[in-house]
Amino acid sequence: QVQVVESGGGLVQPGGSLRLSCAASGSSISLSTIGWYRQSPGKQRELVATISDAGIANYLDSMKGRFTISRDNAKNTVNTVYLQMNSLKPEDTAVYFCYVDSWAYGGRRFWGQGTQVTVSS
């Protein structure tokens, strides 16, 4: 199985920064694509950013320049993916979910439990 655990959420003022972490563990996790979604009340879940096993990052257009995704592949069975969020806006308030598209399980998607980010003064 693949385990996905997020951390780093919290309350931040507009214009502030926050870094989310996603600890993903499992067989051949370093070969898997990992990413972040977010969901706000009354809105559909939206893809924030992804990072491939080769470190290629993709972002939702509205995140470019403000959010940066990175990953630490130092261990083959445990990878940590970071989402650095700068210049935060109230509309960034959401539950942020990390996911893994597992290479070992044929692309099956595993989800974390989510972490709340609240941007408010």
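Note: the structure precedes this text.
Nothing here was measured: the structure is a model prediction, and the numbers come from that model.

**Overview of the overall build of the protein chain**
Here's step 1: Secondary structure summary: the protein chain contains zero helices and 11 strands in total.
Here's step 2: When its helices and strands are written in sequence order, the protein chain yields β-β-β-β-β-β-β-β-β-β-β.
Here's step 3: Expressed along its principal axes, the backbone C-alpha trace of the protein chain runs to roughly 45 × 25 × 20 Å.
Here's step 4: Scored against the burial criterion, the 121 residues of the protein chain give a buried share of 42%.
Here's step 5: In the protein chain, once contacts between residues fewer than 6 apart in sequence are set aside, the share between residues at least 24 apart is 56%.
Here's step 6: Between the averaged position of the 11 positive side-chain charges in the protein chain and that of its 8 negative side-chain charges there is a distance of 2 Å.

**Some remarks on the pattern of salt bridges**
Here's step 1: Summed over all chains, the structure comprises five salt bridges.
Here's step 2: For D61, the salt bridge goes to K64, with nearest N and O atoms at 3.2 Å.
Here's step 3: Of the residues examined, D61 reaches a relative accessible area of 60% and is grouped as exposed.
Here's step 4: Under the relative-accessibility criterion, K64 is labelled exposed at 52%.
Here's step 5: The residue R109 makes a salt bridge to D101 at a minimum N-O spacing of 2.7 Å.
Here's step 6: Overall, the relative accessible area of 21% leaves D101 in the partly exposed class.
Here's step 7: Put simply, R38, E46, R66 and D92 are held in one network by salt bridges that share partners.

**Some thoughts on the sheet that holds strand β7 (residues 67-72)**
Here's step 1: Pairing within the open sheet is antiparallel, and its four strands lie in the order β1-β3-β8-β7. Since the sheet does not close on itself, it has two edges, and those belong to β1 (3-7) and β7, each with one partner. Taking the axes of each pair of neighbouring strands and ignoring which way they run, one obtains an average angle of 15° across the sheet.
Here's step 2: The sheet contact formed by β7 and strand β8 (residues 78-85) spans six bridges and is antiparallel. Paired with R71 across the strands is V81, a residue of β8.

**Considerations on the nonpolar core**
Here's step 1: Ranked by internal contacts, the top residues of the largest apolar core, which has 27 residues, are I34, W36, V48, F67, L83, M85 and Y96.
Here's step 2: Of all the secondary structure elements, the ones that give two or more residues to this core are β3 (18-25), β4 (33-39), β5 (46-51), β7, β8, β9 (94-101) and β11 (115-119).
Here's step 3: In this structure V48 touches W36, Y37, R38, N58, Y59, L60, M63, F67, L83 and Y96, once residues within four positions along its chain are discounted.

**Considerations on the packing of aromatic side chains**
Here's step 1: For the coordinates displayed, the defined rule picks out four aromatic pairs.
Here's step 2: Relative to W111, the ring of Y99 lies with its centre 5.6 Å away and its plane at 50°, an arrangement referred to as tilted. Within this pair, whereas Y99 is found in strand β9, its partner W111 is found in strand β10 (residues 109-111), the two being separated by 12 residues in sequence.
Here's step 3: Residue Y99 is classed as buried on the basis of its relative accessible area of 3%.
Here's step 4: You can call W111 partly exposed: its relative accessible area is 35%.
Here's step 5: In textbook terms, an aromatic cluster arises when at least three aromatic residues are bridged by ring pairs, as seen for Y37, Y99 and W111.

About the criteria used
Residues numbered from 1 in each chain as written. Predicted model: local features only at pLDDT ≥ 70, side-chain atom pairs only at ≥ 80, totals over all residues. Heavy atoms only, no water. Helix = DSSP H or I, 4+ residues; strand = E, 2+ residues; numbered from the N terminus. Buried < 20%, exposed > 50% of the residue type's maximum accessible area, 1.4 Å probe, protein only. Contact = heavy atoms within 4.5 Å. Lys, Arg positive; Asp, Glu negative; His and termini not counted. Charge placed at Lys NZ, Arg CZ, Asp CG, Glu CD. Salt bridge = Lys/Arg side-chain N within 4 Å of Asp/Glu carboxyl O. Pairing = 2+ DSSP bridges. Axes fitted to C-alpha atoms, helices over the stretch in contact; angles between N-to-C directions. Core = buried A, V, L, I, M, F, W, Y, C linked by side-chain atoms within 4.5 Å. Phe/Tyr/Trp six-rings, centres within 6.5 Å; stacked < 30°, edge-to-face > 60°.

The quantities given are spatial measurements derived from coordinates; they are silent on function.
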